[in-house]
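# Architecture and fold: a report
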Amino acid sequence: MNEVDLRAQGATIFLRAASYIRRYGWQEKGMGIYGQPRCSMGALASAQPGRWDSRLASLTYDTLKQELHGLSLTQFNHRTQSGEAVAKLYEQVAETLARTGPRPHLQSVNKPLE
């Protein structure tokens, strides 16, 4: 998979995670179970279950780190204590990833989460 495809896949994952948070809720800590509020990492796990391709993981982690401007995700969660803030952060990560890749298709973003 080339970088453009990786960026598109990463953007889709982060948009689906934002959608999960808005649909089921968010909690500051704890993975929870599917269909109930989950933490930030749990929402990403719901958006892309299983082991991630190492290049995809590296690209998305680097982009998330850039958008956090020096904070860790845990620090961001603690400071904001807001699922909506996390969802917006994830949308910003998706936008950054998509800037140099194709825009994720809305259909794939709204695909039922597993």
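Every chain begins its residue count from 1, and numbering advances along the sequence as written. Under the rules for a predicted model, residues below a pLDDT of 70 receive no local features and side-chain atom pairs below 80 are neither given nor counted, while totals for whole chains, interfaces and linings still include all residues. Processing note: side-chain calculations cover all non-hydrogen atoms of the structure and skip hydrogens and water entirely.

Topologically, Cys39 is positioned in the loop between helix 1 (3-24) and helix 2 (40-47). Linking Cys39 and Asn77, residues 38 residues apart in sequence, is a C-alpha distance of 8.8 Å. By definition, residues are in contact when any of their heavy atoms lie within 4.5 Å. Among residues more than four places away in sequence, those in contact with Cys39 are Trp26, Gln27, Glu28, Lys29, Gly30 and Met31. Helix and strand assignments come from DSSP, with helices taken as H or I runs of at least 4 residues and strands as E runs of at least 2, each series counted from the N terminus.

Every case where a carboxyl oxygen of Asp or Glu lies within 4 Å of a side-chain nitrogen of Lys or Arg is listed as a salt bridge. This structure, assessed with the given rule, holds five salt bridges. With a shortest N-O distance of 2.8 Å, Glu84 and Arg22 are connected by a salt bridge. Within this pair, whereas Glu84 is found in helix 5 (residues 83-98), its partner Arg22 is found in helix 1, the two being separated by 62 residues in sequence. Here Arg22 makes a salt bridge to Glu91, at a shortest N to O gap of 2.4 Å. Here the residue Arg22 occupies a position in helix 1, and Glu91 occupies one in helix 5, the gap between them amounting to 69 residues. Type-normalised accessible area, obtained with a 1.4 Å probe on protein chains alone, sets the label of each residue: buried when under 20%, exposed when over 50%, and partly exposed for intermediate values. Residue classification places Arg22 among the partly exposed residues on the basis of a relative accessible area of 40%. On the accessibility criterion, Glu91 (30% relative accessible area) is partly exposed. One continuous salt-bridge network, built from bridges that share partners, spans Arg22, Glu84 and Glu91.

Right, let's talk about the side chain of Thr96 for a bit. If you trace the backbone, Thr96 turns up in helix 5. Two N or O atoms form a polar contact when they lie within 3.5 Å of each other; inside protein one atom must be a possible hydrogen donor and the other a possible acceptor, and for residues adjacent in sequence the pair counts only when both atoms belong to side chains. Only 2.6 Å separates the side chain of Thr96 from the side chain of Glu67, close enough to count as a polar contact. Those residues within four positions of Thr96 in sequence are excluded, and the remaining contacts are Arg7, Thr63, Gln66 and Glu67.

Let us now look at the nonpolar core. Side chains of nonpolar character tend, in soluble globular proteins, to be buried together. If you look at the biggest cluster of nonpolar residues, it comprises 26 residues, and the most contacted ones within it are Phe14, Ile21, Leu64, Leu73, Leu89 and Tyr90. Elements with a contribution of two residues or more to this core: helix 1, helix 2, helix 3 (54-67), helix 4 (73-80) and helix 5. When near neighbours in sequence (up to four residues on either side) are disregarded, Leu64 contacts Phe14, Leu73, Leu89, Tyr90 and Val93. We define a nonpolar core as any set of buried Ala, Val, Leu, Ile, Met, Phe, Trp, Tyr and Cys residues linked to one another through side-chain atoms lying within 4.5 Å.

We now examine the layout of surface pockets. Space inside and on the surface of the protein is sampled on a 1 Å grid over the protein atoms alone, with a cavity defined as a set of points where a 1.4 Å probe fits but cannot get out and a pocket as an open set with protein on both sides within 12 Å along at least 5 of 7 lines; lining residues have an atom within 4 Å of a point. Grid points are joined across faces, edges and corners, and a volume is the space filled by probe spheres set on the points. The space that makes up the largest pocket amounts to roughly 290 Å³. The wall of the largest pocket is formed by 15 residues, among which Met41, Leu44, Tyr61, Leu64 and Leu73 lie closest to the centre. Each residue gets one of three labels, nonpolar for Ala, Val, Leu, Ile, Met, Phe, Trp, Tyr, Cys and Pro, charged for Asp, Glu, Lys and Arg, and polar for the others, Gly among them. Here the lining of the largest pocket is built from residues that sort into eleven nonpolar, three polar and one charged.

Let us now look at the side chain of Arg38. Among the secondary structure elements, Arg38 is positioned in the loop between helix 1 and helix 2. Among the polar contacts made by the side chain of Arg38, one reaches the main-chain carbonyl oxygen of Gly42 at a distance of 3.2 Å. Of the polar contacts made by the side chain of Arg38, one reaches the side chain of Ser46; its length is 2.5 Å. Leave out the neighbours within four places in its chain, and Arg38 touches Tyr20, Gly25, Trp26, Gln27, Gly30, Met31, Gly32, Ile33, Ala43 and Ser46.

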